[in-house]
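# Reading the structure
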Amino acid sequence: MESRRPMDGLASGLMLVLCLLWAMQQIALKATALDFAPIFQMAVRSMVATVLVLLFMAWRGQRLDGILDVWRPGLLAGSLYALEFLLLGEGLRHTSAGHAVVMLYTAPIFAALGLHWKLPDERLAAVQWLGVGLAFGGIAMAFLWRDEGPQAANAAMLWGDLLALLGGAAWGATTVVVRVTRMAALPASQTLIYQLAVGAVWLLAGSILLGQTEFRMTPLVWTSLAFQAVFVSFLSYLVWFWLLRKYLASRLGVFSFLTPLFGLILGAWLLGEPVGAGFLGGTLLVISGVVLLSGYGWYRQWRMQRT
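In short, a report on the structure. All values reported here derive from a predicted model rather than from experimental measurement.

## Quick word on helix α6 (residues 126-144)
Given 3.6 residues per turn, any residue in an α-helix points the same way as the ones three and four places further on. Across its 19 residues, α6 extends 27 Å between first and last C-alpha, which sits within 8% of the 27 Å expected from 1.5 Å per residue. All buried positions along α6 are accounted for by Gln-128, Gly-131, Val-132, Ala-135, Gly-138, Ile-139, Ala-142 and Phe-143. The arc enclosing the buried residues of α6, seen along the axis, measures out at 135 degrees, which places them on a common side. Summarising the geometry of α6, the exposed residues directed more than 90 degrees from the buried face are Ala-126 and Leu-144.

Given below as structure tokens:
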């Protein structure tokens, strides 16, 4: 398995753009939820993105040789991808986009714990364990200090937050599977094919079983679907899996703190969502934990360069 590089300017710039796109993903899903059920929308976008990836591979002259050799981890990664978005889609029916994006982007914490267990070059140092503790403390604070509205509304939002948090755990598990199995040697496009194709099947089945197949194609829905399929499921994930093959996953995760910030700001600005003091405090703790966890690698690299 090839060694991963520390972060550079290219990776940093790409992660900044990805964080903004991923924050807008929850805003678009929430804004169109009444006209296009989120789980069904994510199933459709995965189907469209699968076709786009296949066309991209044909344009690049890439073949699918060897993709079936890793079908077991591929099916597992695709199933975890589907689980992530099933949980997110259902969670968005109960909570705000801002809450969902914060809970979903705890994924680097779960990924770091899994990679610490599986890979020697991803072992966590003491300060990183402090970051893990801060992040989980922030999650607890966000759940326990509820001040956004009536008790009934808080109970529904609490359930939605929990589903989004479990979605973050599923995303973290997906990252671990991609990094520690033979999928790590696949081109980014082939890795993405597994996520999208397997995910589309499970998401479509989930939307049918949950009775969430209603849609009304308004101009906003068309815009959301195009954004989700082309920019999120196709371009952003293609870049993400390419980054995972080239750079240390824990270092990439340091930028994920931007996504919850973008999500909270955009949710409040575009959707008028309230941001309570308890959830904001919990978010800041989660962000601090992620920065300590993922930024330690940069600090160690800087210290080594100075000595």
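## So, the environment of Gln-62
Relative to the elements of secondary structure, Gln-62 occurs in the loop between α2 (38-60) and α3 (71-92). Setting aside residues up to four positions removed in sequence, Gln-62 forms contacts with Met-57 and Ser-189.

## A word on the packing of aromatic side chains
All chains considered together, the criterion is met by 17 aromatic pairs. On the basis of an interplanar angle of 85 degrees and a centroid distance of 5.5 Å, the ring pair of Trp-22 and Trp-240 is categorised as edge-to-face. In this pair, Trp-22 is assigned in helix α1 (residues 9-31) and Trp-240 in helix α9 (residues 219-246), connecting sequence segments 218 residues apart. For Trp-22, a relative accessible area of 2% corresponds to the buried category. A network of ring pairs unites the aromatic residues Trp-22, Tyr-81, Phe-85, Tyr-105, Trp-171, Tyr-237 and Trp-240 as a single cluster. Directly above the aromatic system of Phe-85 lies the positively charged group of Arg-45, at a separation of 4.7 Å from the ring centroid. The ring centre of Trp-117 lies 5.1 Å from the NZ or CZ of Lys-118, which sits over that ring.

## With respect to the packing of helix α8 (residues 188-209) against α9
Taken N-terminus to C-terminus, the directions of α8 and α9 make an angle of 125 degrees; their axes are 8 Å apart at the nearest point. One element, α8, and the other, α9, form an angle in the oblique class. Like other packed secondary-structure pairs, α8 and α9 cross with a definite hand, here right-handed. In this structure, α8 contributes Ala-188, Ser-189, Thr-191, Leu-192, Gln-195 and Leu-196 to the contact, and α9 contributes Ser-233, Phe-234, Tyr-237, Leu-238, Phe-241, Trp-242 and Arg-245. Class assignment for the residues of the contact of α8 with α9 results in eight nonpolar, four polar and one charged.

## Considerations on the pattern of salt bridges
All told, the structure shown has two salt bridges when counted by the stated rule. The partner of Arg-216 in a salt bridge is Asp-35, and the shortest N-O contact between them spans 2.5 Å. You can see Arg-216 sitting in the loop between α8 and α9 and its partner Asp-35 sitting in the loop between α1 and α2, a full 181 residues away along the chain. Classification of Asp-35 by relative accessible area gives buried; the value is 17%. A salt bridge links Arg-93 to Glu-90; the shortest N-O distance between them is 2.7 Å. The exposure class assigned to Arg-93 is partly exposed, which follows from its relative accessible area of 47%. What makes Glu-90 buried here is its relative accessible area of 18%.

## Looking at a nonpolar patch on the surface
A contiguous nonpolar patch, built from Trp-159, Leu-162 and Leu-166 and spanning about 270 Å² of accessible area, is present on the exposed surface. Checked against the element boundaries, Leu-166 lands in helix α7 (residues 151-180).

## Observations concerning the packing of α2 against α9
Two packed helices can be described by the angle between their axes and the distance between those axes. Close contact between α2 and α9 brings their axes to 8 Å; oriented N to C, the two are set at 50 degrees. With respect to α9, the element α2 is oriented oblique. The interaxial crossing formed by α2 with α9 has right-handed handedness. Two secondary-structure elements touch here, α2 through Gln-41, Val-44, Arg-45, Val-48, Ala-49, Leu-52, Val-53 and Phe-56 and α9 through Ser-224, Leu-225, Gln-228, Ala-229, Val-230, Val-232, Ser-233, Phe-234, Tyr-237 and Leu-238. A breakdown of the residues in the contact of α2 with α9 according to their chemical character gives 13 nonpolar, four polar and one charged.

## Focus on the environment of Trp-222
By the secondary structure assignment, Trp-222 is in helix α9. The exposure class of Trp-222 is exposed, given its relative accessible area of 52%. Separated by 190 residues in sequence, Trp-222 and Thr-32 have C-alpha atoms that sit 9.6 Å apart.

## Some thoughts on the nonpolar core
Grouped together as the largest cluster of nonpolar side chains are 71 residues, with contacts concentrated most on Met-15, Trp-22, Tyr-237, Trp-240 and Phe-241. At nine residues, α9 tops the list of elements feeding residues into this core. The residues contacting Trp-240, other than those within four sequence positions of it, are Met-15, Leu-18, Trp-22, Trp-171, Thr-175 and Leu-252.

Conventions we followed
Residues numbered from 1 in each chain as written. Predicted model: local features only at pLDDT ≥ 70, side-chain atom pairs only at ≥ 80, totals over all residues. Heavy atoms only, no water. Helix = DSSP H or I, 4+ residues; strand = E, 2+ residues; numbered from the N terminus. Expected span 1.5 Å × (residues − 1). Buried < 20%, exposed > 50% of the residue type's maximum accessible area, 1.4 Å probe, protein only. Arc of directions from axis to C-beta. Contact = heavy atoms within 4.5 Å. Phe/Tyr/Trp six-rings, centres within 6.5 Å; stacked < 30°, edge-to-face > 60°. Lys NZ or Arg CZ within 6 Å of the ring centre and 35° of its normal. Axes fitted to C-alpha atoms, helices over the stretch in contact; angles between N-to-C directions. Parallel < 35°, antiparallel > 145°, perpendicular 65-115°, else oblique. Left-handed = near helix turned anticlockwise from the far one by under 90°. Nonpolar A, V, L, I, M, F, W, Y, C, P; charged D, E, K, R; others polar. Salt bridge = Lys/Arg side-chain N within 4 Å of Asp/Glu carboxyl O. Patch = residues over 30% accessible without salt bridge, like charges linked within 9 Å, V, L, I, M, F, W, Y side chains within 5 Å. Areas by Shrake-Rupley, 256 points an atom, 1.4 Å probe, with all protein chains shown as cover. Core = buried A, V, L, I, M, F, W, Y, C linked by side-chain atoms within 4.5 Å.

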